[in-house]
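Take a look at the letters that make up each chain.
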Amino acid sequence: MSDGGLEELFGMTAPPPAAAPKARRRRSPALRVVGNVVLVAAVTVVVVAALRAGSVQAPLLLVVALIAGLRLITIAATAVRPPRPMKGHASAGNAAARATDSLRATVRRWEQTLDKAHSDSDTYARNVLPVLGELADERLRLRHGLTRASDPRRARQLLGEEAWAVLSDPGRRGLKTRDLETYVQAMERL
């Protein structure tokens, strides 16, 4: 089964993005290194001054190493943080609503494809039938270690004659909803 997901299987493409976000200008690596060295030096001066004001003696090399290590940790944490939400879009706290909306939109596209497949046999043969076949092959592979192509006799037994006939005949007319439900249930029983 392909790794493209159901979108690829149904032949759908995602709508084009509204506008690409502006690319941030990145500083040169040398400038970043110099900036980090200056930052570490400034923080070191402040920490050493605070330690001396409190009459605490600490080796300068240890203070520099601790501050440089802390800066490296903050750089690493910044590199792996999730991206910030774009302005004008749902806030980060509303991620569940965005996921629900995109799920709804995807399911709506699938429903439209399936509705169109009932009346248009080409849509059924081109979009729905291959998906059902791949789903059946995947279920057979996961549960029984075979596919329709690798062991047709055993796959036919497991799927049943009616489901086998539907999946084997690419030129077949579209199915009624209850027939389709019957074949999907046969695949779920696998």
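Here's what I pulled together on the structure shown here.

Rules used in this analysis
- Residues numbered from 1 in each chain as written.
- Predicted model: local features only at pLDDT ≥ 70, side-chain atom pairs only at ≥ 80, totals over all residues.
- Heavy atoms only, no water.
- Helix = DSSP H or I, 4+ residues; strand = E, 2+ residues; numbered from the N terminus.
- Buried < 20%, exposed > 50% of the residue type's maximum accessible area, 1.4 Å probe, protein only.
- Contact = heavy atoms within 4.5 Å.
- Areas by Shrake-Rupley, 256 points an atom, 1.4 Å probe, with all protein chains shown as cover.
- 1 Å grid on protein atoms, 1.4 Å probe; cavity = no way out; pocket = protein on both sides within 12 Å on 5 of 7 lines; lining within 4 Å.
- Points joined across faces, edges and corners; volume = space filled by probe spheres on them.
- Nonpolar A, V, L, I, M, F, W, Y, C, P; charged D, E, K, R; others polar.
- Bend = angle between axes of the 7 residues up to and from the residue.
- Patch = residues over 30% accessible without salt bridge, like charges linked within 9 Å, V, L, I, M, F, W, Y side chains within 5 Å.
- Salt bridge = Lys/Arg side-chain N within 4 Å of Asp/Glu carboxyl O.
- Axes fitted to C-alpha atoms, helices over the stretch in contact; angles between N-to-C directions.
- Parallel < 35°, antiparallel > 145°, perpendicular 65-115°, else oblique.
- Left-handed = near helix turned anticlockwise from the far one by under 90°.
- Core = buried A, V, L, I, M, F, W, Y, C linked by side-chain atoms within 4.5 Å.

The next thing to look at is the overall build of the protein chain. Summing up its helical and strand segments, the protein chain has eight helices and zero strands in all. Taken from the N to the C terminus, the helices and strands of the protein chain come in the order α-α-α-α-α-α-α-α. Looking at the protein chain as a whole, 19% of its 190 residues are labelled buried. In the protein chain, the share of contacts with a sequence separation of at least 24, taken over all contacts with a separation of at least 6, comes to 51%. Carbon together with sulfur atoms contributes 60% to the accessible area of the protein chain, which is approximately 13900 Å² in total.

We now examine empty space enclosed by the protein. Overall, the coordinates contain two cavities of 30 Å³ or more when judged by the stated rule. Quantified by volume, the largest cavity comes out at close to 70 Å³. Considering the residues around the largest cavity, the lining is formed by V48, L51, R52, V56, Q57, A58, L60 and V63. Of all elements in the fold, only helix 2 (29-53) and helix 3 (60-80) reach the threshold of two or more residues within the lining of the largest cavity. The element best represented in the lining of the largest cavity is helix 2, accounting for three residues. The class makeup of the residues in the lining of the largest cavity is six nonpolar, one polar and one charged.

Time to look at helix 5 (residues 121-144). Along helix 5, the helix axis deviates most sharply at V128, where the bend reaches about 35°; the proline P130 sits within four residues downstream. Following helix 5 by one or two positions, G145 adopts a phi angle in the positive range, close to 70°.

Unusually for a residue other than glycine, S55 sits at a positive phi of about 60°. Here S55 lies in the loop between helix 2 and helix 3. For S55, a relative accessible area of 66% gives the class exposed.

The subject of this paragraph is a nonpolar patch on the surface. There is a patch of nonpolar side chains on the surface, built from L39, V43 and V47 and spanning about 190 Å² of accessible area. Tracing the sequence through the fold places V43 in helix 2. A relative accessible area of 32% means that V43 is categorised as partly exposed.

The next subject is the pattern of salt bridges. In this structure the tally under the stated criterion is three salt bridges. In this structure, R148 engages D137 in a salt bridge whose closest nitrogen and oxygen atoms are separated by 2.9 Å. In this pair, R148 sits in the loop between helix 5 and helix 6 (152-159) while D137 sits in helix 5, placing the two residues 11 residues apart along the sequence. Neither R148 nor D137 differs from the other in exposure class; each is buried. Its salt-bridge partner being R156, residue E161 comes within 3.1 Å of it at the nearest N-O pair.

All right, on to the packing of helix 2 against helix 3 then. Between helix 2 and helix 3, the least distance of the axes is 9 Å, while the angle of their chain directions is 130°. One element, helix 2, and the other, helix 3, form an angle in the oblique class. The handedness of the crossing between helix 2 and helix 3 comes out as right-handed. Residues N36, L39, V40, V43, T44, V47, V48 and L51 of helix 2 lie in contact with helix 3, whose contacting residues are L60, V63, V64, I67, A68, R71 and I75. Its residues placed into classes, the contact of helix 2 with helix 3 shows 12 nonpolar, two polar and one charged.

Let us now look at the nonpolar core. The nonpolar side chains of a soluble globular protein tend to be buried with one another. By size, the foremost hydrophobic cluster in this structure holds 19 residues, and its most contacted members are Y124, L132, L140, L159 and L167. Elements supplying a minimum of two residues to this core: helix 5, helix 6, helix 7 (161-168) and helix 8 (177-189). When residues of this core are assigned to their parent elements, the largest contribution, six residues, is made by helix 5. Each residue touching L140, except ones within four places of it in the same chain, is listed here: G145, L146, T147, R148, A155, L158, L159 and L190.

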